[in-house]
Amino acid sequence: MEARGTTAGALVSRDGEEQAAKKDTAPPKTETPQTKSKMEKIFGFRKEDLTSWPSLVTLLNRPTDPASLGIFRCLFGLLMVIDITQERGLSHLDYKYMDGAPVCRFPLFNVVQPLPLDWMYLVYVVMFFGALGIMLGCFYRLSCLMFISTYWYIFMLDKTAWNNHSYLYGLIGFQLTFMDGNRYWSMDGLRRPSIRNAHVPLWNYTLLRTQIFIVYFLAGLKKLDADWVEGYSMSYLAHHWLFDPFKVILPVELINLLVVHGGGLFLDLTAGYLLFFDATRPYAFFFVSYFHCMNSQLFSIGMFSYTMLATSPLFCYTDWPRRFFARFPSFLRAVLPLTSPDPQPSTSCVYNKIQSTSTNPQETPPVAKAPKLRFKHKLAAIFTLLYIAEQLFLPYSHFITQGYNNWTNGLYGYSWDMMVHSRSHQHVKITYKDGKTGEIGYLNPGVFTQSRRWKDHGDMLKQYSTCLNHLLPRYNISDPEIYFDIWVSINERFQQRICDPRVDVVKADWSPFRPNTWLMPLLVDLSPWRTKFQEIEGSLDNQTEIVFIADFPGLHLENFVSEDLGNTSISVLQGQVNVEIVEEKKNYTLQPGEKMKVTAGAYHKVYTVSEVPSCYMYIYVNTTEAALQKNFTKLHDLQERVRNGTETEPLPPQLQPLIAADGDEGSEVNATDPIVQLFLKRQRRMKEVKKRREAGALERLERFAVKKYYTMRRGFLMTAIAMRNLAVGLPSLEQLTREVDFANMKEPQAEANQAEANQDERVKDEAGHGEL
């Protein structure tokens, strides 16, 4: 079988070539069949097509069936319509862009700022109709421009929302702008018969296929990182219920190493190649589809999984929609895409014309005439090659944008290092110092922000400190200096500082092209300790917690041990530290292997006095949580004894709801004891979780649809309010309040769950250390 559209180089297709010849040549002449070379059979093009610039231009502009591109255009537009209401944030736009509120933002360029709220809704309306126009193929070029202009504006407004798939959406929208995506199953085709079912040049498919290949393959190359290969990047995923079938034959440790990390690495490295060739494409479809369906359940990544599923058919024969829809009943043909096998010629393509060298075609076979190449054909070839080169270079351009590098390289998003790094934050402290009075104070981490990702990136720390420097004078803090003390663990390493806590970041130098001298290096030499961490954690009971700390010479950690954390101790693993008990004004020196207890409810400081980084660990027990779990165990045992009739003593009034709960799920609201109330609510929630997990496909689909309905409903209603405000002005405050309340209406179950969650927090506070 000819491998049409299956090459990593030009990713070419032979589709439409024979049909184009019929259109552009004289009446059919008898032609001697030519034997195709092995290369042409496998890749769909000849070696001669790459030997000169004209032949390469001809190859990239070869006429190709528009069917597959048209279906992808429709699917991509549909997914973007849905995405705008969800991950792009239309449903909660008023929370993100609050007019007049002091908010620190993190745009790519500081000159890029959000418009007033009602105008931001207008931006989203333009983007929405652009995506809708792409889906319908209606005023296609204008729709693409509407979509990408507003999309990239919103994208550059907030670096904290950047991720690989959001970047990919923008790239695909950009590519579609230059493609002939409206030649098949589009409203433009109905308005303009001259473009309906017309050929598209091969480079349209070349760009999209190469882009998807890059997404897979470079993601695989990034996963060759030692942390991924050794199974430290996403180790928590092995405990997810999706991997339960593997637990029948493999322990969790091997599921993590072989299935999660090994399988992810192998699929990313090979998926692009397997999709190219006819023989391997069915297997690639199965594994890629399974992979993306799992990701849709494992991660909150919006429409990314479905977008990648929509890209897979691009690697098939480009006429696959015609053959697929031809199988449908004839009475549906009016609303389905065209099944006619003969696309019409297009000026965007280059056709190989055939001329005869003899009046008797039986004697001399026809000879291909060199096609006429127009400027737009050459420009399209140049654009294709430059775009592919840029996409291959950009993920490795971190040596240029050094100001965005920290423990990971570059701006997160364009590097395709998907899920390679996981972080946990143990301690975040923001200190301000009044530049005139010298007064020192502390800020709540994340104050004036709506994101948490600023803690991991030097460029965002600089933007945040500058913003705080501008906002704090409103609160009588003059010329404030800002210091960050942020402790982060990446891929299960030690918790360590990401920036120097002694540096005023407001005055610190930052350039996008120079390294940040005030960022602390990742202590990669301590990575082998992770094996020891697992041994230590395995020796502890379920109630004992542990935190591993690494610090630099000359620095110290100031820590407060909560009263909830009893039996807290510090144990040194490497280096030498001095522990200062602040209230007692005493110092203790600890060497490797030594440990000491620290007092709960008091401050202490840990100084690193060795010449090498110190490594130590906190071991503690959350006594409040332990007491609560102990009470839960007692209540569960008592409830079981009541159920099986072995409990002979009468229950006191505060425990009577334990009996009533078996017959009436709502009886727990009458419980007066806060611990009993929390226990019954916990049981109820566990039953609900089990019920949801064991729900059938129809019930899951209904739940999913209802959730999406209320999300989209709020987005559209708030947009209508904003458009009304722009058109006729603001209404009275009372009317506006009623309108927003109506838009905020949620499904009854969601409101009940939220109310219950809020009540649980109050009950936990009341429970404290309470004993029965």
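Criteria and thresholds
- Residues numbered from 1 in each chain as written.
- Predicted model: local features only at pLDDT ≥ 70, side-chain atom pairs only at ≥ 80, totals over all residues.
- Heavy atoms only, no water.
- Pairing = 2+ DSSP bridges.
- Helix = DSSP H or I, 4+ residues; strand = E, 2+ residues; numbered from the N terminus.
- Axes fitted to C-alpha atoms, helices over the stretch in contact; angles between N-to-C directions.
- Contact = heavy atoms within 4.5 Å.
- Phe/Tyr/Trp six-rings, centres within 6.5 Å; stacked < 30°, edge-to-face > 60°.
- Buried < 20%, exposed > 50% of the residue type's maximum accessible area, 1.4 Å probe, protein only.
- Lys NZ or Arg CZ within 6 Å of the ring centre and 35° of its normal.
- pLDDT = per-residue confidence, 0-100.
- Salt bridge = Lys/Arg side-chain N within 4 Å of Asp/Glu carboxyl O.

1. Let's talk about the sheet that holds strand 16 (residues 614-622)
Read across the sheet, 4 strands follow the order 9-16-11-14 without closing on themselves; strand pairing throughout is antiparallel. Pairing within the sheet leaves two strands with one partner each, and these edge strands are strand 9 (544-551) and strand 14 (595-597). Each neighbouring strand pair of the sheet contributes to a mean axis angle of 20 degrees, computed without reference to strand direction. Two strands pair when backbone bridges link them, and strand 9 and strand 16 are joined in this way by 8 bridges, in the antiparallel orientation. Within strand 16, the residue paired with T544 across the bridge is V621. Seen against the sheet, helix 18 (residues 529-538) touches strand 9, strand 11 (565-574) and strand 16 and runs at an angle of roughly 160 degrees to strand 9.

2. Examining unusual backbone geometry
Positive phi, normally seen in glycine, also occurs at W185, with a value near 50 degrees. Counting through the fold element by element, W185 comes out in the loop between helix 8 (164-178) and helix 9 (187-191). Even without being glycine, E492 reaches a positive phi, approximately 70 degrees. The residue E492 is located in the loop between strand 7 (481-490) and strand 8 (496-497) in this model.

3. Looking at the packing of aromatic side chains
Applying the stated criterion across every chain yields a total of 47 aromatic pairs. Residues Y167 and W416 carry aromatic rings whose centres are separated by 5.4 Å and whose planes lie at 40 degrees to one another, so their mutual orientation is tilted. With Y167 in helix 8 and W416 in the loop between helix 16 (375-393) and strand 5 (423-433), the pair connects residues that are 249 residues apart, well separated along the chain. Relative to F484, the ring of Y464 has its centre 6.0 Å away and its plane inclined at 25 degrees; by these criteria the two rings are stacked. With a gap of 20 residues between them, Y464 in helix 17 (residues 458-471) and F484 in strand 7 connect regions that are remote in the sequence. Y464 gets classed as buried once you look at its relative accessible area, which sits at 0%. With relative accessibility at 1%, the residue F484 sits in the buried group. Site record: aromatic cluster; members linked through ring pairs are F72, F76, F147, Y151, W152, F155, W162, Y167 and W416. The ring centre of W228 lies 4.9 Å from the NZ or CZ of K223, which sits over that ring.

4. Re the confidence of the model for the chain
The predicted coordinates ought not to be read in detail in places where the model reports low pLDDT. Mean pLDDT over the chain: 87, with 88% of residues reaching 70 or higher. Taken as a whole, residues 1-33 scores under 50 in pLDDT and shows 87 contacts with residues more than four places along the chain or in a different chain. Note that residues 756-772 has pLDDT below 50 and, in this model, 31 contacts with residues that lie over four places away or in other chains.

5. Examining the pairing of strand 5
Of the pairings in the sheet, the one linking strand 5 to strand 7 comprises 10 bridges and is antiparallel in character. Its bridge partner being in strand 7, S424 is matched across the sheet by S489. Where strand 5 lies against strand 6 (residues 440-443), 4 bridges are found, and the strand directions are antiparallel. Looking across to strand 6, one finds that T431 is bridged to Y442. Where strand 5 hands over to strand 6, the hairpin turn is made up of 6 residues, of which G438 adopts a positive phi near 80 degrees.

6. Considering the pattern of salt bridges
In total, this model carries 27 salt bridges according to the counting rule given. A salt bridge links R322 to D65; the shortest N-O distance between them is 2.8 Å. With R322 in helix 15 (residues 320-325) and D65 in the loop between strand 1 (63-64) and helix 4 (67-85), this residue pair connects regions lying 257 residues apart in the sequence. On the basis of relative accessibility, which here comes to 4%, the residue R322 falls in the buried class. Residue classification places D65 among the buried positions, given a relative accessible area of 1%. Between D94 and R714 there is a salt bridge, and its shortest N-O distance comes to 2.8 Å. Of the two residues, D94 sits in helix 5 (residues 93-96) while R714 sits in helix 22 (residues 697-728), which places them 620 residues apart along the sequence. Judged by relative accessible area, which is 15%, D94 ranks as buried. Overlapping salt bridges bring together D227, E230, R493 and R530 as one network.

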